[in-house]
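# Secondary and tertiary structure notes
If you want the building blocks of each chain, they are given just below.
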Amino acid sequence: MTQPATAKIPFGGDYNPEQWPQEVWDQDYRLFDAAAVDTVTLGVFDWALIQPAPDVYDFTLLDRIVERAVAEGRQICMATATGAHPAWLARAHPEVTRVDFEGRRHRFGQRHNSCPSSPVFRRLSAELARRVARRYAGQPAVIAWHVGNEYGGACYCELCAAGFRQWLRERYGSLEALNTAWYTTFWAHTFTDWDQIEPPSALTEHWRGPDHTAFQGITLDYRRFMSEAMLANFTAEKAAIRESSPDVPVTTNFMGMYQPIDYHRWAPHLDFASWDNYPPDDTSQVRMALTHDLMRGLKDGQPFWVMEQTPSTTASRDVNPLKRPGLMRLWSWQAVAHGADALLFFQMRASRGACEKYHGAVIGHGGRADTRVFREVAEVGAELERLGGAVLGARTPARVALLFDWDSWWAVEMTDGLSRLVRYQQVVSAYYRALWDVGVDVDVVPVTKDLEGYDVVVAPLLHMLKGDVAARLEAVTARGGSVVTTFLSGRVDEDDNAFLMDVPGPLGRLAGVRVDEWDARGPEVVNPVQLRDGDDEIEVASQLFFEIVIPDTAETIGTYGADFYAGTPAVTRNTFGAGHAWYIGAGLEQAGVSWVMRRVLARHDIELRYPAVRDLETAVRVTPDGSRVLFLLNHRAEAVEVTADRSGIDLLTGLRVVVGDPVEIAARGVMLLREED
Amino acid sequence: MTQPATAKIPFGGDYNPEQWPQEVWDQDYRLFDAAAVDTVTLGVFDWALIQPAPDVYDFTLLDRIVERAVAEGRQICMATATGAHPAWLARAHPEVTRVDFEGRRHRFGQRHNSCPSSPVFRRLSAELARRVARRYAGQPAVIAWHVGNEYGGACYCELCAAGFRQWLRERYGSLEALNTAWYTTFWAHTFTDWDQIEPPSALTEHWRGPDHTAFQGITLDYRRFMSEAMLANFTAEKAAIRESSPDVPVTTNFMGMYQPIDYHRWAPHLDFASWDNYPPDDTSQVRMALTHDLMRGLKDGQPFWVMEQTPSTTASRDVNPLKRPGLMRLWSWQAVAHGADALLFFQMRASRGACEKYHGAVIGHGGRADTRVFREVAEVGAELERLGGAVLGARTPARVALLFDWDSWWAVEMTDGLSRLVRYQQVVSAYYRALWDVGVDVDVVPVTKDLEGYDVVVAPLLHMLKGDVAARLEAVTARGGSVVTTFLSGRVDEDDNAFLMDVPGPLGRLAGVRVDEWDARGPEVVNPVQLRDGDDEIEVASQLFFEIVIPDTAETIGTYGADFYAGTPAVTRNTFGAGHAWYIGAGLEQAGVSWVMRRVLARHDIELRYPAVRDLETAVRVTPDGSRVLFLLNHRAEAVEVTADRSGIDLLTGLRVVVGDPVEIAARGVMLLREED
Amino acid sequence: MTQPATAKIPFGGDYNPEQWPQEVWDQDYRLFDAAAVDTVTLGVFDWALIQPAPDVYDFTLLDRIVERAVAEGRQICMATATGAHPAWLARAHPEVTRVDFEGRRHRFGQRHNSCPSSPVFRRLSAELARRVARRYAGQPAVIAWHVGNEYGGACYCELCAAGFRQWLRERYGSLEALNTAWYTTFWAHTFTDWDQIEPPSALTEHWRGPDHTAFQGITLDYRRFMSEAMLANFTAEKAAIRESSPDVPVTTNFMGMYQPIDYHRWAPHLDFASWDNYPPDDTSQVRMALTHDLMRGLKDGQPFWVMEQTPSTTASRDVNPLKRPGLMRLWSWQAVAHGADALLFFQMRASRGACEKYHGAVIGHGGRADTRVFREVAEVGAELERLGGAVLGARTPARVALLFDWDSWWAVEMTDGLSRLVRYQQVVSAYYRALWDVGVDVDVVPVTKDLEGYDVVVAPLLHMLKGDVAARLEAVTARGGSVVTTFLSGRVDEDDNAFLMDVPGPLGRLAGVRVDEWDARGPEVVNPVQLRDGDDEIEVASQLFFEIVIPDTAETIGTYGADFYAGTPAVTRNTFGAGHAWYIGAGLEQAGVSWVMRRVLARHDIELRYPAVRDLETAVRVTPDGSRVLFLLNHRAEAVEVTADRSGIDLLTGLRVVVGDPVEIAARGVMLLREED
């Protein structure tokens, strides 16, 4: 099953009429009409409403809400209402709440507050999903099921401890295997009974928080277990839905690059991916692009939904700036450019009370249509209507893959002895940005992904090598492709035990180097690296991590300029089979990473789109009927003029562009060029 | 009942002879004589001394202490000894200690450590007060009762939870009303039984501490409840005192702008206000002035006591600098200028051990009179003797009121989605400083205060509008007065629910504007604001919070200079009735606030005193017999010369000043000019 | 008993073959041969291995490990395996784990995790030591017993509470004496039953962590108790060892300037001192020198062992830089120069998993000999072989003593009202550095040390005066010596109660001054101090703490240049008997401290060695046969040339040096000159 079939890109968002009297609903739908809102997400936090007591299910109000939406001709993304449990449940079953990392049993409050291992929670949440689905499965307006909400966090209670032990039994079979995997001979940690194993927390293996653990093995496994325990909550709800609704797609809203949950392990269980896009600031275009591509990669390129974005401000940060004029529109189209087939907001109307009352909303407390925010929303609504179904289901034809791996992320950031300053997202983003800057489409994929179709595979910080990934990377190069990897790659196996060989372990043959030692330094230490490939030469800075690389078969491309390893290689390239393997041993600044990636691309006939135009993003989607739509997104606050390198028609304006023509793209402007020959 | 009737300003402070052998007492009183100390506060921490076991009350030593003070002719401020509970009580009744915000039951230690809801604590503390009062009520030297000590903090135990639920029943009557007030439909928080309600803490609704809550409603109510629970401890002690002492005034020492306790709700229950003045640094003159005025406003202008100040250093900070020479004297007179009718120190003699042994003391460990500190204390003592009763009971004739509101303070700093960087005290202080700088007396009053008598009412960050305050502000303007309010005002009702209307809610009619949206930014973003009123023009910076203001009937006074809202109004003025309502939509720097306030004052015939002389503070008190005493306080480290604008006699030196004369006020010097025609 | 008798300086370190298969052992010993490794520390964390269940002791594998070491001709430092308890123990006896400062009972995890008061832990750890000793006592290769590992931390459980109360009963005899010592009249803390006393923690007397306490007395005593409770663990193991091994010396590895444990109180119970040297950064030479001298001072000058150092990187810091080339060798020789008779590494081979897998190791994951690190280790190994026994047992002939006092350290950093920015180690280091810079050997000794033999005694921050130390310092001066002390000295007695006299208390007679008051300021405040002694004059900065000093018999040497105490003394010198007592009232910068110390030394005929050559360290050791060996250590990254002031032979190269010759010492180079006439 894939994403919901719709006639156009669904537009709308989270809508909570249960908070309002009937006359407000009337106003809402008038405003929805004005903004071309065709889709509402209903019931995300309705557990207490639907089930006000253990034995009472009451759909009176939700029925009215659904009926009204249907009467108004809207599509419904129907939630299972399990985003937060009700107060009576926490009171009746205290074990439904979580025990936190500090060992404290929580009581009723907040949301994302349910222990994933609690049988009571699992039973009641599935039952709620079952009843919601049964009630509305016959309603054709329901085009998708929305399970839970932003799964995340962790629990450390006794139930989770028991679940963890059971999970370990299944994973390892024997304590001997577990002791080997966790390397428990160290510090006398050998376990002689499953019951001796405690969740790794501030009271057991950790200090200074979740990333500082005495034993990486147990902590990694606890994250895997916790990710799966929550997944079991999701799949239980999904199964309950399926009892009455065999055909409507099911999703849950992800949070992009969210460390605690390994979305690659979740993705097969969703019918389609969706995510909530709350970028940290106004200059997050690259981060968002990467995240969209990661979400698209979850289901092998299948389009995803933007389940939430704010029309104006967030509410949870210390400072919550406005999205400047035009940004919401630009970022909405960016999502579509990267594979989004729906654009939904949180929230349709600002709630009166509690912690999200100042979160951006399509309709504010004053209920006006003449606000800047509403006008911009309505503008996008109108454009989506004009566009219709033109890009629905379209795919991205990327020839470059970037490997993204939650295990490596977890391991490299929780490991003692390397550098706490090297951050996975930052390094990955630098390599992604190098490609984004020159207008190359990228698939961000798991390490298990078939790499056959790619000319270039980039694997920054591929810290943990699992399965046959090293062999598959070698195969890329063998057949003439290029592989790029970096410092801190090839260090550990799936259990986070070091390979008993030279660094970079099983990648060493491919890279043609060995790393003798590595020097971690504070941000104040900069080592210049001289990069040279033929006549192409540049000096860039490097920081934080410096590997001392001894080439075997590789040639030296970059050389350290300072410290006792001045003159030794920082960047190498190895010819392996018909292709090249690059090894970046130092924390190069962006200019260095970009130089390397341009050299890599140069070997392949991959088109660079407007590589010299700063912050002009491009993306291509190929529709089911084979049309290519080129998205041009100008992230600058001023207009930019380029020479068209394609002929086509702008799907938003109908403007025809001929190759070689000068084309102006407005400040924060967008074009969707359906290419013509 | 009012403040104690005395012949002169009481001078002295906290005195703990129970820590010392008799020969030290002899030395103490010789030194008290030398410093003209006439008042001692006794017994604040004597619980363990007076009641060493559950069934034993032993006044032997305290009797001797009191007798000696009486024999030495001193006045006594007699404490009820409940500042900290004894170890035996915590051991016998563990529920007497508090459970903290993190959910941890404390055990015996520190002070301010009693659960306010504990029946045992309430019974025993009242009984102790009863017995202390009974024993010393007949003693004429006792001029005031001092209950507890610096009430504050909070408890989250089961007893408090039960008390909270009971308090909520009384407040709301029904769960339906409570659910509406707290907006619990959001996130499925609907309560169906009172017992489901938990104190809002790190284990329930909060994250990142007491100011980050998922539900503002419950957190606000818990603060209100906790403030009242402690008040109930106070009133229980006071009632016990009244059984034997019907006429001696009762107080407790407040802590100025102390966020956790709403002193406006406490004030009616005290016979007179008193507070402990520990300014954060040497440049706190404006903060102290504001706080004195706040304390004076607690009881409608009635004089208050300075119950504690340090003669030299504090002890609790990371760095505890000396009060520079002359500062203690200057600040003592500043207190009197703003309405203090007593000047007491903590502490008369430095204790030998524990955490306040290095806290400043009139008498140090060496027991000397020839220290700088002792000399300065004795100097002030001598001056107070010279002054006699000249300003006792005098009132401040202010025509400007500044609204100070604990609820708004709580709400604006705990609310998500606005700005965590906007701080209530900081904004209020900027408006106060604008008045202080130009020598205008100000009453700092609660929002319930009758505003009839004021020409100008300043209401910065009037975030929460309770009762009829909007109407009363309109009335001020209607009759020709001026009202000034700012960004983030008029947002929520008493339950912290947003008004369902344009911002600034019920203040919109008065302000003549609506706020379309607001932009919060980090401190690095500065937006210049051009202010103009006739020919008076200035450009100032604004920071942190920028409201986008759409004038209705208001005229634009200030205009943003940058960002997408450049050219739109930042400051407006609306003619409403016979007066003006100003709306300051941006976080103006001090120069901007001061410009606005000067324009506001210009419409009224309010005298500005030495507005051009920096850091020369003035204040007027009018004595019961109608004399006006003008205080001149030079906060600069060098002398300042001004031209007298009043004739009068300096009560400290007898110097006669004639209007037009040049008058020099020494560095950190003071004049108390009884005005003459 | 003293340190182990060996033929040369033992070289090797922590070795964990239990983590590896047999073939790795073979490789290890080949590499040990190549590096001249003659000593291995075995079994530090082998509890779970040796005792896999309550009733099972199994030495099979450890026997093989020992046998192999013996067969390979290595010396063994044999651990008692109690560095961490096994999982089964924590599960069976939860009270074996600790309760932390926050009151949280920990569960199994990490290391340093055993409650020192637990009878089960004490019984089982002693039993383990007994069995290990019994098994290997007959093995002549075992040259030392290594008990536990890096004792430290603290526990706050009920067992510790009970132990603390018992310890207090013994210390004070009566509650009255305890109440007096702790000054409990303050804040009604009078204890009327021993059971009322709670360990001082975040739940009782503390706020903002272990250094912020309402009562210094109880916190000081808890640290003393905790230090002794852990010592009791050590002595129990030692006694168990002695049952079968009467003659082999016993130690445990200290951590240098480690605040929680008072090593002076432990030292008499060790046969020899040893410590783990992990300097914070590459410029720690002075800190390390001071720490080596402190360790040498623990046992009255007896040589100590370096039990651990890293050959390359640490693993526990956020950033773990490499030891630059040559540093490991230089620092190894520095240790020997200051009295080390052994040089051991952690770790011989890098573990595959858990949190120290990236900790520096002699042998890395690749098992290579051709790494930089291995080469440098082998180089030092070869030098040690060449040196043989030449400096074993040698003593340092110091004429300057520096007093180091854990009680003063604890007290001055936990006391309210002074300055949280004044740090004991920092001030002590500044005075030590002044001596180090000019090449003067220093004994760092406890305050109880007999001071007869010293010409100069330096006592920075001698905050607490215990026993007869004031009298002994007076005796130093009386007989012509010099005493130097500083601000914040002479403040409190052993119970941390202030002396009831002028500051600096019992030191006042010696110093010839009284301190009227003191001013603490932030680091932004600098007060220039003019120092003058005859024609020798200099102006230096002072910061953080400024005492206002009134000289009695002392002469003024340094004068404040700013603030209201400008012109008053900051540094004084008092002639007392035949000698001088210096009092440094301000936080002088290093240049000022160095100036003072040079003036002090000038009165005595103490040789300054290369005082003008920056970062050329010197040290002398006198061997049992009376030879003097002068160590020259060049801490600079470039060579330095000096003129020899001694004739002698370099023990490392055989080079003969004649007085007056130019001698070049290489960058990070070392000479060991056996002096000749």
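The name an unreviewed UniProt entry assigns to chain A is Beta-galactosidase, from the organism Catenulispora subtropica. Quoted verbatim from the Sequence similarities (unreviewed entry) field of the UniProt record, the comment on chain A reads "Belongs to the glycosyl hydrolase 42 family."

### Some remarks on the domain arrangement of chain A
Put simply, an interface is often sized by how much accessible area is lost when its parts join up. All names here are of chain A. The domains assigned to chain A are domain 1 (11-154 + 226-387), domain 2 (158-220), domain 3 (400-603) and domain 4 (616-676). Placing a centre on the C-alpha atoms of domain 1 and another on those of domain 2 gives a separation of 35 Å. Buried surface at the junction of domain 1 and domain 2, summed over both partners, amounts to about 780 Å²; 73% is from carbon and sulfur atoms. Among the residues domain 1 hides against domain 2, the three largest losses belong to Phe101, Ser117 and Glu228. Together they make up 59% of the total. Here domain 1 is connected to domain 2 by zero salt bridges. The interface formed by domain 1 and domain 2 contains two residue pairs in polar contact (both at pLDDT 80 or more). Taken together, the residues that form the side of domain 1 that touches domain 2 break down as five nonpolar, three polar and three charged.

### Topic: the UniProt feature "domain: Beta-galactosidase trimerisation" (unreviewed entry) in chain A
This chain's UniProt record puts "domain: Beta-galactosidase trimerisation" (unreviewed entry) on residues 398-607 of chain A. The annotated region residues 398-607 of chain A carries 24% helix and 34% strand content, and the separation between its end C-alpha atoms amounts to 11 Å.

### Let's talk about the relation of the copies chain A and chain C
Between chain A and chain C, which share one sequence, the superposing operator has a rotation angle of 120° and an axial displacement of 0.0 Å; the RMSD is 0.0 Å. The relationship between the two copies is best expressed as a three-fold rotation axis. Among all C-alpha atoms of chain A, that of arginine 104 of chain A lies closest to the rotation axis, at 5.4 Å.

### Structural notes on unusual backbone geometry
Cis geometry marks the peptide bond from phenylalanine 346 of chain A to glutamine 347 of chain A, where omega comes out at 15°. Tracing the backbone through its elements, the reader meets glutamine 347 of chain A in the loop between strand E9 (340-345) and helix H12 (372-387). Here the bond from valine 503 of chain C into proline 504 of chain C is cis, since omega is 10°, no more than 30 degrees from zero. Tracing the backbone through its elements, the reader meets proline 504 of chain C in the loop between strand E13 (482-486) and helix H16 (508-511). You will see that glutamine 110 of chain C, though not glycine, has its phi angle at about 50°, which is positive. Relative to the helices and strands, glutamine 110 of chain C resides in the loop between helix H4 (87-92) and helix H5 (119-136). The residue arginine 668 of chain C is not glycine, and still its phi comes out positive at about 50°.

### Looking at the interface of chain A and chain C
Listed by partner, the interface residues are 57 residues for chain A and 47 residues for chain C. When residues of chain A are sorted by the area they lose upon contact with chain C, Tyr183, Trp187 and Leu203 of chain A head the list and together hold 16% of the total. Along the contact surface separating chain A from chain C lie twelve salt bridges. A salt bridge links aspartate 318 of chain C to arginine 208 of chain A; its shortest N-O distance comes to 3.2 Å. The interface formed by chain A and chain C includes 26 residue pairs in polar contact (both at pLDDT 80 or more). Those elements that provide at least two residues to the side of chain A that touches chain C are helix H6 (158-172) and strand E14 (513-520) of chain A. With six residues, E14 of chain A is the single largest residue contributor to the side of chain A that touches chain C.

### With respect to the packing of helix H10 (residues 285-298) of chain C against helix H11 (residues 327-337) of chain C
Residues and elements named next belong to chain C. At a closest axis distance of 9 Å, the pairing of H10 and H11 adopts a crossing angle of 30°. In this view, H10 runs roughly parallel relative to H11, as classed from their interaxial angle. Once H10 is placed against H11, the crossing between them reads as right-handed. Along its contact with H10, which presents Gln285, Met288, Ala289 and His292, the element H11 presents Trp331, Gln334 and Ala335. Its residues placed into classes, the contact of H10 with H11 shows four nonpolar, three polar and no charged.

### What to know about the interface of chain B and chain A
Taken together, the contacts link 58 residues of chain B with 47 residues of chain A. Carbon and sulfur atoms supply 53% of the area buried between chain B and chain A, which totals about 4700 Å² over both sides. Contact with chain A buries area across many residues of chain B, yet Tyr183, Trp187 and Leu203 of chain B alone supply 16% of it, more than any other trio. At the surface where chain B touches chain A, the tally comes to twelve salt bridges. Between aspartate 563 of chain B and arginine 324 of chain A there is a salt bridge, with the nearest N and O atoms lying 2.7 Å from each other. Of the residues in the side of chain B that touches chain A, the class split is 23 nonpolar, 16 polar and 19 charged.

### With respect to the sheet that holds E9 of chain A
All names here are of chain A. Pairing is parallel in the open sheet, where nine strands are placed in the order E5-E4-E3-E2-E1-E9-E8-E7-E6. With one partner strand each, in any of the chains shown, strand E5 (250-251) and strand E6 (253-254) form the two edges of the open sheet. Bridging between strand E2 (residues 39-42) and strand E3 (residues 75-79) involves four bridges; their strand directions are parallel. Its bridge partner lying in E3, threonine 39 is registered against glutamine 75. The sheet strands contacting helix H3 (residues 60-71) are E2 and E3, and the helix crosses E3 at an angle near 155°.

### What to know about the packing of aromatic side chains
On inspection of all chains with the given rule, the structure shows 119 aromatic pairs over all chains. On the numbers, 4.8 Å between centres and 20° between planes, the contact of phenylalanine 186 of chain C with tryptophan 187 of chain C is stacked. An aromatic cluster of three or more residues is present, and its members are Phe101, Tyr156, Phe164, Trp167, Tyr172, Trp182, Phe191, Tyr222 and Phe225 of chain A together with Phe108 of chain C. The side chain of arginine 491 of chain A reaches across the aromatic face of tryptophan 518 of chain A, ending 3.9 Å from its centre.

The rules behind these values
Residues numbered from 1 in each chain as written. Chains lettered and ligands numbered in written order. Predicted model: local features only at pLDDT ≥ 70, side-chain atom pairs only at ≥ 80, totals over all residues. Heavy atoms only, no water. UniProt positions renumbered as here; feature names shortened; annotations may be inferred. Domains from an automatic or database assignment. Buried area = accessible area lost by both parts, 1.4 Å probe. Salt bridge = Lys/Arg side-chain N within 4 Å of Asp/Glu carboxyl O. Polar contact = N/O pair within 3.5 Å; in protein donor to acceptor, adjacent residues only side chain to side chain. Nonpolar A, V, L, I, M, F, W, Y, C, P; charged D, E, K, R; others polar. Helix = DSSP H or I, 4+ residues; strand = E, 2+ residues; numbered from the N terminus. Least-squares fit on C-alpha atoms with pLDDT ≥ 70 in both. Contact = heavy atoms within 4.5 Å. Axes fitted to C-alpha atoms, helices over the stretch in contact; angles between N-to-C directions. Parallel < 35°, antiparallel > 145°, perpendicular 65-115°, else oblique. Left-handed = near helix turned anticlockwise from the far one by under 90°. Pairing = 2+ DSSP bridges. Phe/Tyr/Trp six-rings, centres within 6.5 Å; stacked < 30°, edge-to-face > 60°. Lys NZ or Arg CZ within 6 Å of the ring centre and 35° of its normal.

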